[in-house]
Every structure is written in C-alpha cells, then in structure tokens.
Amino acid sequence: MAINYSVKKKVDKSGTTPIERYYAVPKAMQSAGDGIDERDIALEMEQISSLTAGDVLSVLELFSGRIAGHLRDGRTVNIRGLGTFFLGLTSEGVATPEECTADKVKVTRICYKADKALAKKVKDATFFSMQLKAEKEKEK
C-alpha cells in the first residue's frame, strides 16, 4: 500500500525574499479510530508466529513498563531493529549553574530515534496523492 500525502503551500523565508513553495505533507487515509493499535499488531503476530495474541499483548505491556523504568533511571534504551529511546529534559533559566538544582529539572518528552534498518524499510515506501488525483479528475 502507498503512503498518502497532500500538498500544502508554505512560505519559504530562508532567502532574502519570501517565496511561496508547495510541499508534500503526510495525509492519513483513515478516519478517527481506524488506526492500527497493539491488538491489531498482536493478531497479526499471532498469525506469523507461535505466540498467541494474548502473549504478544502481555509482552508489549511489560516491555513499555521496562522501557519507562530504565528511562526513569536516566538510561537510554536501544532496541535492535526498533530504535533508541531517551529523555528530553529542561529546566527554568537561572543566573548561575549552582541555581540549576534537581527540583528545577523536568522531563519534557520521551525522544525516539529509529534504528537504521527500520528507517530504511519505511523510506522505501511508495507514495500516492489522493488529493492530486481528485484535482485531476475535476479538471476532466
């Protein structure tokens, strides 16, 4: 299946004169609630392995809990074939390094960098614009 995209107009301000440009942006082909969730993945994995869907769901639940535990301990988590998880931190701005104490630090997000092999599998995707197809059909 191809990845659907739409075309959006944006202003490119990188040069001396702003220029209108058109860029591809991802466009989900599903309505709300039609995405893939862990149960769908579990059923797919049940079909191609000796695991039951329940086994897969149990592993996924335990897996996310263990990742969270290691991140809370300040470690990065590298899952071969999937990628690396690590924390993004911030604090309020202070005048001196000594004022930047632990009580001022907070987690801003959980970051993820895809494994090169996973990224390659996704980057080899094909693309299709339902938007452009519809516009061409209107012209006819």
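Colleague: Any details on the overall build of the protein chain? Residues and values, ideally.
Modeller: For the protein chain, the count of helices and strands is 4 helices and 6 strands. For the protein chain, the α and β elements follow one another from N to C terminus as β-β-α-α-β-β-β-α-β-α. A compact globule built from 140 residues should have a C-alpha radius of gyration of about 14 Å, whereas the protein chain, at 22 Å, is more than 25% larger. Its C-alpha atoms put the protein chain at 65 × 60 × 30 Å along the principal axes. Counting all 140 residues of the protein chain, 11% fall into the buried class. Relative to all contacts within the protein chain whose residues are 6 or more apart in sequence, the contacts with residues 24 or more apart total 36%.

Colleague: So what's going on with helix α3 (residues 116-123)? Residues and values would help.
Modeller: Burial within α3 is sparse, with just 0 of its 8 residues counted as buried. With a side-chain oxygen lying 2.9 Å from the backbone nitrogen of Ala117, the N-terminal cap of α3 falls on Asp115.

Colleague: Provide a residue-level description of the sheet that holds strand β2 (residues 19-26), including the pertinent values.
Modeller: With respect to topology, 3 strands assemble into an open sheet ordered β2-β1-β6, the strand pairing being mixed. Lying at the two open borders of the sheet, with one neighbouring strand each, are β2 and β6 (127-128). Note: strand β1 (residues 3-12) against β6, 2 bridges, orientation parallel. Within the sheet, the bridge partner assigned to Ile3 lies in β6 and is Phe127. Helix α4 (residues 130-139) rests against β1 and β6 of the sheet, and its axis sits at about 85° to β1.

Colleague: Describe the sheet that holds strand β5 (residues 105-114), and please don't skip the residues or the numbers.
Modeller: Taken in spatial order, the 3 strands line up as β3-β4-β5 in an open sheet, and their pairing is antiparallel. Only two strands of the sheet have a single neighbouring strand rather than two, namely β3 (77-79) and β5. Here the average twist between neighbouring strands, direction ignored, is 25°. Here β3 runs beside strand β4 (residues 83-91); their pairing, made up of 3 bridges, is antiparallel. Bridge pairing in β4 links Val77 to Phe85.

Colleague: Go over the packing of aromatic side chains with me, naming the residues and quoting the values.
Modeller: Throughout the structure, instances matching the rule amount to 1 aromatic pair. With a centroid separation of 5.1 Å and an interplanar angle of 40°, the aromatic rings of Phe85 and Tyr112 are classed as tilted. Highlighted residues: Phe85 in strand β4 and Tyr112 in strand β5, separated in sequence by 27 residues. Residue classification places Tyr112 among the partly exposed residues on the basis of a relative accessible area of 39%.

Colleague: Can you explain the state of the cysteines? Please cite residues and give values.
Modeller: Scanning the entire structure with this criterion turns up 0 disulfides. Cysteine Cys100 is unpaired, with the sulfur of Cys111 as its nearest cysteine sulfur at 18 Å. The class of Cys100 is partly exposed, set by a relative accessible area of 37%.

Colleague: Hey, could you go over the environment of Asp115 for me, with residue numbers and the actual values?
Modeller: Positionally, Asp115 belongs in the loop between β5 and α3. Put simply, Asp115 and Thr96 are 19 residues apart on the chain and 38 Å apart in space, counted from C-alpha to C-alpha. Beyond its immediate sequence surroundings of up to four residues, Asp115 is in contact with Arg80, Gly81, Leu82 and Gly83. Here Ala117 takes part through its backbone nitrogen, which lies 2.9 Å from a polar atom of the side chain of Asp115.

So, how was this worked out
- For every chain, the first residue of its written sequence is number 1, and the numbers climb from 1 along that sequence.
- Only residues with pLDDT of at least 70 are given local features in this predicted model, and only at 80 or more are side-chain atom pairs given and counted; all residues enter the totals for whole chains, interfaces and linings.
- Neither water nor hydrogens contribute to the side-chain values; these are computed over all heavy atoms in the structure.
- For helices the rule is a DSSP run of H or I covering at least 4 residues; for strands it is a run of E covering at least 2, with both sets numbered from the N terminus onward.
- The quantity called the radius of gyration is restricted to C-alpha atoms. Its globule counterpart is 2.2 Å times the number of residues to the power 0.38.
- Burial classification: accessible surface area is computed with a 1.4 Å probe over protein chains only, and a residue below 20% of its type maximum counts as buried, one above 50% as exposed, and the rest as partly exposed.
- Contacts were defined at the residue level, with two residues in contact if any of their heavy atoms lie within 4.5 Å.
- Pairing of N or O atoms within 3.5 Å defines a polar contact, subject to two protein rules: one partner must be a possible hydrogen donor and the other a possible acceptor, and residues neighboring in sequence count only if both atoms are side-chain atoms.
- Here, strands pair whenever DSSP counts at least two bridges between them.
- For helices, the fitted line uses only the C-alpha atoms of the stretch in contact; every axis is such a line through C-alpha atoms, and the angle between N-to-C directions lies from 0 to 180 degrees.
- The rule is short: rings of Phe, Tyr and Trp, with Trp giving its six-membered ring, pair when the centres are within 6.5 Å, and they are stacked under 30 degrees, edge-to-face over 60, tilted in between.
- The term disulfide is used for any two cysteine sulfur atoms that are within 2.5 Å.

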